[in-house]
Each structure stands twice: as structure tokens, then as C-alpha cells.
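Notes for the structure review
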Amino acid sequence: MTKSEYNKIETYMLSQMQDSAHDKHHVYRVLNWAVDIYEHEDGVDFDILVAACLLHDIGREKQFTDPEKLNHAKIGGRMAYDFLLSLGWREENARHVKECISSHRFRGKKKPQSIEARILFDADKLDVCGAVGIARTLIYGGQVGEPLYIMNDDGNIVVDGGGAEISSFFQEYNFKLKKVYDSFYTKRAKKIALENKKAAVKFYSDLFNEINKNYSNGMKNYKKLLEE
Ligand SMILES: [Fe+2]
Ligand SMILES: [Fe+2]
């Protein structure tokens, strides 16, 4: 791929990225992880990989208009295909990028088949690992108005049932973030994910313990004051 072609793809990506959990920095981090994984794999088409990374989340904006029905991986794949054809890409290469993008979603049914699709999947999932994954989940939760935690009637933090209409950070962590470490295809991504996992696990348990301590002590003291 020439530099000017790269710039055209990058400019198109920038015009489509608005939401802050999937902003342009997410795209560059995914690209950086992908380049790292690429260096540990053989037989990868670098141009396909770079185009797929840059364009993988361009369908997000459309998904927001109807999140129940629309799937950004599918929409983004089609948008990338049309865009690459308009740049004069060969149909089979544009289709390959489309296939990579349409199978990059963690919750998606379509599994990545080619090595380029698997690298994109892994690179995207690495951005859900570690401290960055926690930060992105918190930002996204804030944007959609989700609470940090929900307490049940017994005064315990609810940790299961994420992905529902009312979901907290603790539910999302157990529903998605905790499981992502088992989903990698490449050895290199698995290794990076396990290194970064430590920061996420520590943050989760520190936050859990602080809130629990605050809640149980605070409630005890409050009840005592009411009885006096
Ligand atoms: Fe995505
Ligand atoms: Fe992404």
C-alpha cells in the first residue's frame, strides 16, 4: 500500500469515528497491536491487515441508530468494501477486508477465518484487556448512563447478569472483560493479554473491596446513629 493510499483510508476512518470508547485512539492502538502480532506470524498480507484495522469500527455510528437490530461489524464490512472499491482496490482484496471486519466482534456469531481476520480480532480484543479495557468500560458505562454498581437487598454488589438493560461496571466485567482472555487465536496476543490481565484483576478486586467496606461500615454506622 502506498503512503497516499494509507492516508486516504485513514482520513475516511477519521471522518466516521465519534464515540469515545471506540474513537480514533482505539483504532491506532488496535493497529499497533496488530503490527506487533504480525511480526510474530508468517504469511500475513500486511495491506489487508492495515486496511482492516483502520476501518474495523467505521460502522459504529450507524449501529447507534438502532443497537438492537444493527451490527457494526456487518455494516462496517460493507462500508469498507465499497470504500476500497472506490479507491480502485481489486474486488477480492476489498472482499477480504470486508470478511475481516465482519468477523471481529466478540459477541458476534461469525468467527474469523483468515490469519488477517484473526489478527484483527485479537488486536481488537487486546484493547479490552488490562488497564485500558477497564478505563474504556468505565467511560462507555458513563456515556450510556450505567451505574458503577448495583446493590442487592442483602447489601452485596451484583456481579452477574451483565449485558442486560441495566448493567453496572461489575456486571460488564464479569460478563465480558473476564472472559476475553480465553478468546485469542494467536500465541503472541495470548501472551500480551495475560501480562496485562494482572492490572485489570487488581483494579477490579481493589474497587470491589473498597466499595464493600465503605457500604457495610457506612450502613452499620448510619443505623447506629438513627437508633441513638
Ligand atoms: Fe468493533
Ligand atoms: Fe474495535
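All values derive from a computational prediction rather than experimental measurement. (Residues numbered from 1 in each chain as written. Chains lettered and ligands numbered in written order. Predicted model: local features only at pLDDT ≥ 70, side-chain atom pairs only at ≥ 80, totals over all residues. Heavy atoms only, no water.)

**Structural notes on the overall build of the chain**
Broken down by element type, the chain carries 10 helices and 0 strands. Shown N-terminal to C-terminal, the secondary structure of the chain runs as helices and strands in the order α-α-α-α-α-α-α-α-α-α. Counting only C-alpha atoms and orienting by the principal axes, one finds that the chain spans roughly 80 × 35 × 30 Å. Out of the 228 residues in the chain, the part that is buried amounts to 42%. (Helix = DSSP H or I, 4+ residues; strand = E, 2+ residues; numbered from the N terminus. Buried < 20%, exposed > 50% of the residue type's maximum accessible area, 1.4 Å probe, protein only.)

**Quick look at the coordination of the iron ion (ligand 2)**
The coordination sphere of the iron ion (ligand 2) contains the protein donors His26 (NE2), His56 (NE2), Asp57 (OD) and Asp124 (OD), at a distance range of 2.1 to 2.2 Å. Geometry at the iron ion (ligand 2) is irregular, judged from the 4 donor atoms that bind it and their angles of 86 to 173 degrees at the metal. In this structure, the iron ion (ligand 2) lies 3.4 Å away from the iron ion (ligand 1), the two metals sharing aspartate 57 as a donor. Separated by 31 residues along the polypeptide, histidine 26 in helix H2 (residues 24–38) and aspartate 57 in the loop between helix H3 (46–55) and helix H4 (60–65) bring together distant segments of the chain. By the burial criterion, histidine 26 is buried, and aspartate 57 matches it. (Donors = N, O, S within 2.8 Å, 3.2 Å for Na, K, Ca; no water. Tetrahedral: all angles 85-135°; square planar, octahedral: opposite > 155°, others 65-115°.)

**What to know about the domain arrangement of the chain**
Accessible area lost during the coming together of the parts is what is often quoted as the interface size. The domains assigned to the chain are domain 1 (1–115) and domain 2 (128–228). Contact residues are listed per partner, giving 16 residues for domain 1 and 18 residues for domain 2. Both faces combined, the contact of domain 1 with domain 2 buries some 1400 Å², and carbon together with sulfur accounts for 61% of it. Inspection of the region where domain 1 meets domain 2 yields 2 residue pairs in polar contact (both at pLDDT 80 or more). Top contributing element to the side of domain 1 that touches domain 2 by residue count: H2, with 5 residues. Here the side of domain 1 that touches domain 2 is built from residues that sort into 6 nonpolar, 4 polar and 6 charged. (Domains from an automatic or database assignment. Contact = heavy atoms within 4.5 Å. Buried area = accessible area lost by both parts, 1.4 Å probe. Polar contact = N/O pair within 3.5 Å; in protein donor to acceptor, adjacent residues only side chain to side chain. Nonpolar A, V, L, I, M, F, W, Y, C, P; charged D, E, K, R; others polar.)

**Details of the pattern of salt bridges**
Applying the stated criterion across every chain yields a total of 9 salt bridges. One salt bridge connects lysine 110 with glutamate 99, and the closest N-O pair in it is separated by 3.2 Å. Of this pair, lysine 110 sits in the loop between helix H6 (91–102) and helix H7 (115–126) while glutamate 99 sits in helix H6, placing them 11 residues apart in sequence. Look at lysine 110 and you get partly exposed, because its relative accessible area is 40%. Judged by relative accessible area, which is 38%, glutamate 99 ranks as partly exposed. Each of Arg29, Asp127 and Arg136 takes part in a single network of salt bridges with overlapping partners. (Salt bridge = Lys/Arg side-chain N within 4 Å of Asp/Glu carboxyl O.)

**Comments concerning the nonpolar core**
Ranked by internal contacts, the top residues of the largest apolar core, which has 54 residues, are Ile9, Leu55, Leu84 and Val97. Residue assignment for this core shows that the elements contributing at least two residues are helix H1 (3–16), H2, H3, helix H5 (72–86), H6, H7, helix H9 (169–177) and helix H10 (187–227). Tallying contributions element by element places H3 first for this core, with 8 residues. The two domains that each donate at least three residues to this core are domain 1 (1–115) and domain 2 (128–228). Residues in contact with leucine 55, not counting those within four places in the same chain, are Ile9, Tyr12, Met13, Ala80, Phe83, Leu84 and Ile101. (Core = buried A, V, L, I, M, F, W, Y, C linked by side-chain atoms within 4.5 Å.)

**Details of the coordination of the iron ion (ligand 1)**
For the iron ion (ligand 1), every protein donor is listed as Asp57 (OD), His72 (NE2) and His104 (NE2), and the spread of their distances is 2.1 to 2.2 Å. Here the donor residues of the iron ion (ligand 1) are spaced in sequence according to D-x14-H-x31-H.

**A look at the state of the cysteines**
By the definition in use, this model includes 0 disulfides. Free cysteine cysteine 129: the closest other cysteine sulfur is in cysteine 53, separated by 15 Å. Accessibility expressed as a relative area gives 2% for cysteine 129, which makes it buried. (Disulfide = S-S within 2.5 Å.)

**Here's the deal with the packing of aromatic side chains**
Taken as a whole and assessed by the stated rule, the structure comprises 10 aromatic pairs. Centre to centre, the rings of phenylalanine 169 and phenylalanine 203 are 6.3 Å apart; their planes meet at 80 degrees, and the pair counts as edge-to-face. With phenylalanine 169 in helix H9 and phenylalanine 203 in helix H10, the pair connects residues that are 34 residues apart, well separated along the chain. The exposure class assigned to phenylalanine 169 is buried, which follows from its relative accessible area of 5%. Centroid distance tyrosine 204 to phenylalanine 208: 6.2 Å. Interplanar angle 20 degrees. Geometry classified as stacked. Of the two residues, tyrosine 204 and phenylalanine 208 are both situated in helix H10; the distance of 4 residues between them amounts to about one turn of the helix. Residue classification places tyrosine 204 among the buried residues on the basis of a relative accessible area of 13%. Through a chain of ring-to-ring contacts, the aromatic side chains of Phe169, Phe170, Tyr173, Phe203, Tyr204 and Phe208 assemble into a single cluster. (Phe/Tyr/Trp six-rings, centres within 6.5 Å; stacked < 30°, edge-to-face > 60°.)

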